[in-house]
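The residues making up each chain are set out below.
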Amino acid sequence: MENKKTDIEAINIDLVNKIKPDMPKKELLYDLSDFFKVMGDSTRIQLLWALEESELCVGELAAILDMTKSAVSHQLKVLRTAKLVRSQKRGKNVYYSLNDEHVQTIVKMALEHVCE
């Protein structure tokens, strides 16, 4: 099978025909790529790691990461937009936690991979 766009010939057409129909839609893969871009920041990974331990407010996160509250808030907004963390207002404070168990699993699995 010859790819019309790039003139690349498939050596094993049976393998191409087996894999290609099961590929996720490109839009979904773009979303996955965006997810990894969000996860690709060390500050955001630190925030996720801290939130894995406990629900925390911005001030507590700032103290743990030795950052300004403004900088932490900015990164939390990115994580909220990506649906990795959720927030809950209690009195004057907003508390953050991981959105679900998937986030914790992804962070732990990635760390295991890096430690191999």
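Reference entry: report on the structure contained in this document.

The rules behind the values
- Residues numbered from 1 in each chain as written.
- Predicted model: local features only at pLDDT ≥ 70, side-chain atom pairs only at ≥ 80, totals over all residues.
- Heavy atoms only, no water.
- Helix = DSSP H or I, 4+ residues; strand = E, 2+ residues; numbered from the N terminus.
- Expected span 1.5 Å × (residues − 1).
- Buried < 20%, exposed > 50% of the residue type's maximum accessible area, 1.4 Å probe, protein only.
- Arc of directions from axis to C-beta.
- Pairing = 2+ DSSP bridges.
- Contact = heavy atoms within 4.5 Å.
- Axes fitted to C-alpha atoms, helices over the stretch in contact; angles between N-to-C directions.
- Salt bridge = Lys/Arg side-chain N within 4 Å of Asp/Glu carboxyl O.

A rise of 1.5 Å per residue sets the reference length of helix H5 (residues 69–81), with its 13 residues, at 18 Å; its end C-alpha atoms lie 18 Å apart and thus fit the reference within 8%. The set of residues buried in H5 consists of Val72, Gln75, Leu76 and Leu79. Axial view of H5: buried residues confined to an arc of 105°, hence all on one face. Exposed and facing more than 90 degrees away from the buried side of H5 are Ser70, Lys77 and Thr81. Looking at the residues trailing H5, positive phi occurs at Lys83, about 65°.

With that settled, the discussion passes to the sheet that holds strand E2 (residues 85–90). The strands making up a sheet associate through hydrogen bonds between their backbones, and the pairing can be parallel or antiparallel. Taken together, the three strands give an open sheet; going across it, the order is E1-E3-E2, and neighbouring strands pair in antiparallel fashion. The strands lining the two open edges of the sheet, one partner per strand, are strand E1 (56–57) and E2. Taken together, the six bridges between E2 and strand E3 (residues 93–98) define a ladder with antiparallel strand orientation. Bridge pairing in E3 links Arg90 to Asn93. Running over the sheet, helix H3 (residues 42–53) touches E1, E2 and E3 and is turned about 95° from E3.

Another point: the pattern of salt bridges. One side chain can pair with another of opposite charge once the charged atoms of both are near each other. Scanning the entire structure with this criterion turns up three salt bridges. Among the salt bridges present, the one from Asp34 reaches Lys37, with a minimum N-O distance of 3.8 Å. Separated by three residues within a single helix, Asp34 and Lys37 lie in helix H2 (residues 26–39), roughly one turn from each other. Residue Asp34 is classed as partly exposed on the basis of its relative accessible area, which comes to 42%. Assessed through its relative accessible area of 56%, Lys37 is described here as exposed.

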